[in-house]
Amino acid sequence: MSIENIIKANADIVDISISDDLIKKLEIYSGELKEWNEKINLTAITDDEGIAIKHFIDSLMLLKYVDIPENSKIIDVGTGAGFPGLVIAAARPDVKVTLLDSTGKKLKVVADIAEKMGLTNYKILNMRAEEAGQKKEYREQYDFATARAVAELRVLSEYCLPFVKQNGYFVSMKGALADKEIENAFNALKTLSGKIEGKYNFDLCSAGERNIIKIKKISQIPTKYPRVSAQIAKKPL
Ligand code: SAM
C-alpha cells in the first residue's frame, strides 16, 4: 500500500483533517527518508507501512490530543529524523517549529527533506538541549516543547521545561512504560514546576500502546536548571 492509502486507511484514529497537500508532503518525506537512510542511519523503520504509522500517524496523534493555538512556537527536542517536529510543521503551516538535535548530520538531512517538502516554518538548531536551555535566546521562548524517544521522563523534563514559557506545555510522547516514568519523574516535575495536566493513552494501529503526556509549566524554574550533561546523567532529579 502507498503512504497515501495507509494514512487514509488509518485516518479515523488521527481524527484531524489530513489534506491532499499534507499527504503529498509526507510522500516526499518518506521517499527522502528511505533514500537518505541508505547513506546515514536515521531510522530503523524503513517500510512504507512502518513509516506511515510509526512515524507519521504517531506524530500527528499529538495534534489530536493537544490543542496548539495558531502561530504557536514549538521546539522539538531530540528530533532525530524529524519526529514529531517536522510532521507537525508540515501539518500546521501556521506554527513555527524549531528542530533541535545534538547530531548535526541528522539535522542536515532534516533540513534537506524539509526544503524538498516546501516547508518554510521551521528552524534547525544543532545543540545539546541542556546547553540551549541555558541560553537566553531559547530559554522560556516556546509555547510548547515536544519530545519522542529521547530520554526517560525525569531527564527529559530537565531538557525540555526550560524552553517553555510560563503556562506553556511540555508534551512527551511515550510508550507502554509511561506510568512508571511518571512515577519516577515526581521529584523532577516538582523541582521544574511541571504539572501533569493530561495523559492520553491509545493503541497506535497495530503498533502497540502509546501515551502522550501533557505537562504544564506553572512557574519559572531556578536558573541552575538545566544542569550540565554529566550532572544530569549522574544525578537525575
Ligand atoms: N525524536 C526522534 C524520533 O522519535 O524518531 C528521534 C529519536 S532518537 C532515538 C533520539 C535523538 O535525540 C537522537 O537524534 C539524539 O541525537 C537526540 N538527543 C539525545 N540527547 C540529546 C540532547 N541532550 N540534546 C539534543 N539532542 C539529543
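Scroll up to find the structure this text is about.
Owing to the predicted nature of the structure, the values given are computational and were not obtained by experimental measurement.

Brief notes about the pairing of strand S4 (residues 142-148)
Along S4, six of the seven residues are buried, which leaves the element largely enclosed by surrounding structure. Relative to S4, strand S1 (residues 73-77) runs parallel, the two being bridged by three bridges. Each bridged residue has a counterpart across the sheet, and for Ile74 the counterpart in S4 is Phe144. On the question of chirality, the crossover connecting S4 to the parallel strand S5 (residues 164-174) by way of helix H8 (residues 153-160) is right-handed.

Some points on the site of the ligand
Around the ligand sit 17 residues, and of these Gly78, Phe83, Asp101, Ala129 and Arg148 come closest. Separating an oxygen atom of the ligand from a side-chain N or O atom of Asp101 is a distance of 2.6 Å. Taken together, the elements giving at least two residues each to the shell around the ligand come down to strand S2 (96-101) and helix H7 (129-132). The class makeup of the residues in the shell around the ligand is seven nonpolar, five polar and five charged.

A look at the packing of helix H3 (residues 20-37) against helix H4 (residues 48-65)
Each pair of packed helices can be described by the angle between their axes along with the distance between the axes. Two numbers describe how H3 lies on H4: the axes approach to 11 Å, and their chain directions differ by 125°. Between H3 and H4, the crossing angle belongs to the class labelled oblique. Between H3 and H4 the crossing geometry is right-handed. Mapping the contact onto sequence places Leu22, Leu26, Tyr29, Ser30, Leu33 and Lys34 in H3 and Asp48, Ile51, His55, Phe56 and Leu60 in H4. Along the lines of polarity and charge, the residues of the contact of H3 with H4 split into seven nonpolar, two polar and two charged.

Some details on the environment of Ile57
Of note, Ile57 is situated in helix H4. A relative accessible area of 0% places Ile57 in the buried class. Residues within four places of Ile57 in sequence aside, it is in contact with Ile6, Ile7, Asn10, Val14, Ala52 and Leu204.

Describing the side chain of Ser72
Tracing the sequence through the fold places Ser72 in the loop between H4 and S1. By relative accessible area, Ser72 is classed as buried at 3%. Ignoring any residue separated from it by four or fewer positions in sequence, one finds Ser72 in contact with Val95, Lys96, Asp143 and Phe144.

Some thoughts on the packing of aromatic side chains
In this structure the tally under the stated criterion is seven aromatic pairs. Taken together, a centroid distance of 6.2 Å and an interplanar angle of 50° make the contact between Phe56 and Phe83 tilted. Of this pair, Phe56 sits in helix H4 while Phe83 is found in the loop between S1 and helix H5 (85-91), placing the two residues 27 residues apart along the sequence. Exposure remark for Phe83: the relative accessible area of 5% places this residue in the buried category. With centroids separated by 5.6 Å and ring planes inclined at 25°, the aromatic side chains of Tyr65 and Phe202 adopt a geometry described as stacked.

Re the sheet that holds S2
Across the sheet, which stays open at both edges, the seven strands sit in the order S3-S2-S1-S4-S5-S7-S6 with mixed pairing between neighbours. Among the strands making up the open sheet, the edge pair consists of strand S3 (122-126) and strand S6 (194-203). Taking each pair of neighbouring strands and ignoring which way they run, the sheet shows an average axis angle of 20°. Pairing analysis gives five bridges linking S2 to S3, with the strands arranged parallel. Counted as the bridge partner of Leu100 is Leu125 from S3.

Parameters and conventions
- Residues numbered from 1 in each chain as written.
- Predicted model: local features only at pLDDT ≥ 70, side-chain atom pairs only at ≥ 80, totals over all residues.
- Heavy atoms only, no water.
- Buried < 20%, exposed > 50% of the residue type's maximum accessible area, 1.4 Å probe, protein only.
- Helix = DSSP H or I, 4+ residues; strand = E, 2+ residues; numbered from the N terminus.
- Pairing = 2+ DSSP bridges.
- Right-handed = clockwise from strand over helix to strand, strands pointing away.
- Near = heavy atom within 4 Å.
- Polar contact = N/O pair within 3.5 Å; in protein donor to acceptor, adjacent residues only side chain to side chain.
- Nonpolar A, V, L, I, M, F, W, Y, C, P; charged D, E, K, R; others polar.
- Axes fitted to C-alpha atoms, helices over the stretch in contact; angles between N-to-C directions.
- Parallel < 35°, antiparallel > 145°, perpendicular 65-115°, else oblique.
- Left-handed = near helix turned anticlockwise from the far one by under 90°.
- Contact = heavy atoms within 4.5 Å.
- Phe/Tyr/Trp six-rings, centres within 6.5 Å; stacked < 30°, edge-to-face > 60°.

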